[in-house]
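# Breakdown of the fold
So you can see what is in the structure, the chains are spelled out below.
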Amino acid sequence: MAENEKEIAGFSKMGKREKIAWLAKNFLYANPVEVVKEFAEYWHDNVEAQKLLDGFSENTLTNFPVPFGIAPNFRINDVVYAVPMVIEESSVVAAASNAAKYWITRGGFKAEVLSTKKVGQVHFIYQGARRKLFSFFDTIKEELKQGVKHITAKMEERGGGVVDMELIDFTDAEKDYYQLRAYFETVDSMGANFINSCLEEFGIQLQAKIAASNNFSEKEKEIEIIMCILSNYTPECLVRAEVSCKVSELGTFENGTVSAEEFAANFQRAVNIARIDPYRATTHNKGIMNGIDSVVLATGNDFRAVEACAHTYASRDGVYRSLSECKVENGIFKFWLTLPIAIGTVGGLTSLHPLAKRSLELLGNPNAKKLMEIIACVGLAQNFAALRSLTTVGIQAGHMKMHLTNILAGFKATDEEVDKAKKYFDDKTVSVSAVREFIETLRK
Ligand code: MEV
């Protein structure tokens, strides 16, 4: 055992109970037996199922349950979906469901994949003449592609592979730094491992081919590979989702006090504000990502990759802007969203995680393009729901109503108290202090 008890050697080798007990003693200052019991409550009853979950990560102590919900009534390109969403924030699923229901009677969502290109980079240092490197690269480009056939063969059978590659000179920004940027089609897989394997092979072959060439001096032959890795920025793996209807069909809001025209004008203004101000754009896009991440997670995809890419895309013209846009013209309300979503429906967790597999089944086992469309529509629905609330009743009314359950849980309310509270707060403003007062009065 290390001298400082907060440091430890061989943690990963310890059993689960031992790990929890050690943490309880040294970090929680709590009774290890109690803490082990608490963590163990979230272990899967089925030993095999638990083994599978443990295998997804390292140093696993237990499982961290997050609600898995459904937003029904999503009409997308004339097919109705019940969309699985994994999220811990109250009101997100309800908001998506409301927006889906609202649009199902107004033509539903239309979505279209615009492109599916993925990107990878070999970053390297070359100290020779730029001209020589570029003309050499042109001569070996095809060979490089052929040289990864052992990796790409299966992908090519499915319609994917290495699409193209280019050499980029970054020496103005970093001394002697060049980049081989490669483009890939990975069909229904997210393709991270496929891309990274190809890139590492490109790196090895680039070095070998230069070393074998007579055109380079000994010094020039010393290509130093800095790193080979995919880029999570995939601006050409793009999907567009849209809703539109006549302004007159939007209905009225706030008990008929806000007309369809007023609603459309305010809604458009709200979107425009998020297009000009990064402070608002960040929150606006966060709302979109509430929907997107939930489906990305439910289907076993990498939400960090999708998040990172979305935000880079949102700032592609140098200013961070809203991912969605709105136009009210000639009596038509049109609201749409364009963003890159690099996901897969095969490989990774998609078939390994039993609930991710079920999510995909619920969606009719879509291919990656269909899933991109579904995810984009949920993002748009989420954004519509948020802006509809924000520009009419305000966000807190709905939020706090949904949050009531969480507040009551904080006061350890019984089922009977929860029922009474829900009835009482039906027409009142929910706040922590109001709920505390209500519960205290009830318990007197
Ligand atoms: C909350 O999770 C998301 C919103 O803040 C989004 C928005 O402001 O557009 C409601």
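Conventions used here
Residues numbered from 1 in each chain as written. Predicted model: local features only at pLDDT ≥ 70, side-chain atom pairs only at ≥ 80, totals over all residues. Heavy atoms only, no water. Helix = DSSP H or I, 4+ residues; strand = E, 2+ residues; numbered from the N terminus. Buried < 20%, exposed > 50% of the residue type's maximum accessible area, 1.4 Å probe, protein only. Contact = heavy atoms within 4.5 Å. Areas by Shrake-Rupley, 256 points an atom, 1.4 Å probe, with all protein chains shown as cover. Lys, Arg positive; Asp, Glu negative; His and termini not counted. Charge placed at Lys NZ, Arg CZ, Asp CG, Glu CD. Domains from an automatic or database assignment. Expected span 1.5 Å × (residues − 1). Arc of directions from axis to C-beta. Near = heavy atom within 4 Å. Polar contact = N/O pair within 3.5 Å; in protein donor to acceptor, adjacent residues only side chain to side chain. Nonpolar A, V, L, I, M, F, W, Y, C, P; charged D, E, K, R; others polar. Pairing = 2+ DSSP bridges. Axes fitted to C-alpha atoms, helices over the stretch in contact; angles between N-to-C directions. Patch = residues over 30% accessible without salt bridge, like charges linked within 9 Å, V, L, I, M, F, W, Y side chains within 5 Å. Salt bridge = Lys/Arg side-chain N within 4 Å of Asp/Glu carboxyl O. Bend = angle between axes of the 7 residues up to and from the residue.

## Thoughts on the overall build of the chain
- If you tally the helices and strands in the chain, you get 16 helices and 10 strands.
- Oriented by its inertia axes, the alpha-carbon framework of the chain measures out at about 90 × 70 × 40 Å.
- The burial tally for the chain puts 44% of its 444 residues in the buried class.
- Considering only contacts in the chain between residues 6 or more positions apart, those separated by 24 or more positions represent 69%.
- For the chain, the exposed surface amounts to about 22,900 Å²; the carbon and sulfur share of it is 52%.
- Charged side chains in the chain number 52 positive and 57 negative. The centres of these two groups are separated by 3 Å.

## Focus: the domain arrangement of the chain
- Assigned domains within the chain: domain 1 (14-65), domain 2 (69-113 + 238-393), domain 3 (118-231) and domain 4 (399-443).
- One C-alpha centre belongs to domain 1, the other to domain 2, and the line joining them spans 36 Å.

## With respect to helix α16 (residues 432-443)
- Compared with the 16 Å implied by 1.5 Å per residue over 12 residues, the 16 Å span of α16 between its first and last C-alpha is a close match.
- Among the residues of α16, Val 435, Phe 438 and Ile 439 are the ones counted as buried. Along the axis of α16, the buried positions cluster into a sector of 95°, meaning they face one direction only. In α16, those exposed residues whose orientation departs by more than 90 degrees from the buried face are Glu 437 and Thr 441.
- Those residues of α16 that are buried are in contact with α14 (395-410) and α15 (415-424).

## Looking at the side chain of Thr 234
- Tracing the backbone through its elements, the reader meets Thr 234 in the loop between β7 (224-231) and β8 (238-246).
- For Thr 234, the contacting residues outside a window of four places in its chain are Lys 117, Lys 118, Val 119, Cys 309, Pro 340 and Ala 342.

## Regarding the site of the ligand
- Around the ligand lies a shell formed by Glu 89, Arg 280, Thr 283, His 284, Lys 286, Gly 287, Asn 290, Ala 386, Leu 390 and Ile 395.
- At 2.6 Å from an oxygen atom of the ligand is found a side-chain nitrogen or oxygen belonging to Glu 89.
- Side-chain polar atom of Arg 280 to an oxygen atom of the ligand: 2.7 Å apart, as the coordinates give it.
- At six residues, the largest contribution of residues to the shell around the ligand is made by helix α9 (residues 278-298).
- Classifying every residue of the shell around the ligand gives three nonpolar, four polar and three charged.

## Re the sheet that holds strand β10 (residues 332-340)
- With antiparallel pairing, four strands are arranged side by side in an open sheet as β3-β8-β10-β9. Where the open sheet ends on each side, the last strands, each with one partner, are β3 (110-113) and β9 (324-329). The average angle at which neighbouring strand axes cross in this sheet is 15°, direction not considered.
- Sheet topology note: the β8/β10 ladder contains nine bridges and is antiparallel. In the sheet register, Arg 240 faces β10, and the bridge partner there is Thr 338.
- Relative to β10, helix α13 (residues 368-391) is tilted by about 125°, and along the sheet it contacts β3, β8, β9 and β10.

## So, a nonpolar patch on the surface
- Taken together, the side chains of Phe 68, Ile 70, Leu 355 and Leu 362 define a hydrophobic patch exposed on the protein surface, amounting to about 330 Å² of accessible area.
- When residues of the nonpolar patch are traced back to their parent elements, those giving at least two are β1 (68-76) and α12 (354-362).
- Of the residues examined, Leu 362 reaches a relative accessible area of 45% and is grouped as partly exposed.

## Focus: the sheet that holds strand β6 (residues 177-185)
- The antiparallel open sheet is built from four strands, whose spatial order is β5-β6-β4-β7. Only two strands of the sheet have a single partner each, and these edge strands are β5 (161-169) and β7. On average, adjacent strands in this sheet sit at an angle of 20° to one another, irrespective of strand direction.
- Contacts between helix α7 (residues 192-212) and the sheet are confined to β4 (117-125), β5, β6 and β7, with β7 contributing the most and set at about 160° to the helix.

## Brief notes about α9
- The end-to-end C-alpha distance of α9, which contains 21 residues, comes to 29 Å, matching closely the 30 Å that a straight helix rising 1.5 Å per residue would cover.
- A bend of about 30° at Met 289 is the largest found in α9.
- Backbone geometry just after α9 places Gly 300 at a positive phi near 75°.

## Focus on the side chain of Ser 91
- Position of Ser 91 among the secondary structure elements: in the loop between β2 (79-86) and α4 (92-104).
- You can call Ser 91 buried: its relative accessible area is 13%.
- If near-sequence neighbours (up to four positions away) are discounted, Ser 91 is found in contact with His 399 and Met 402.

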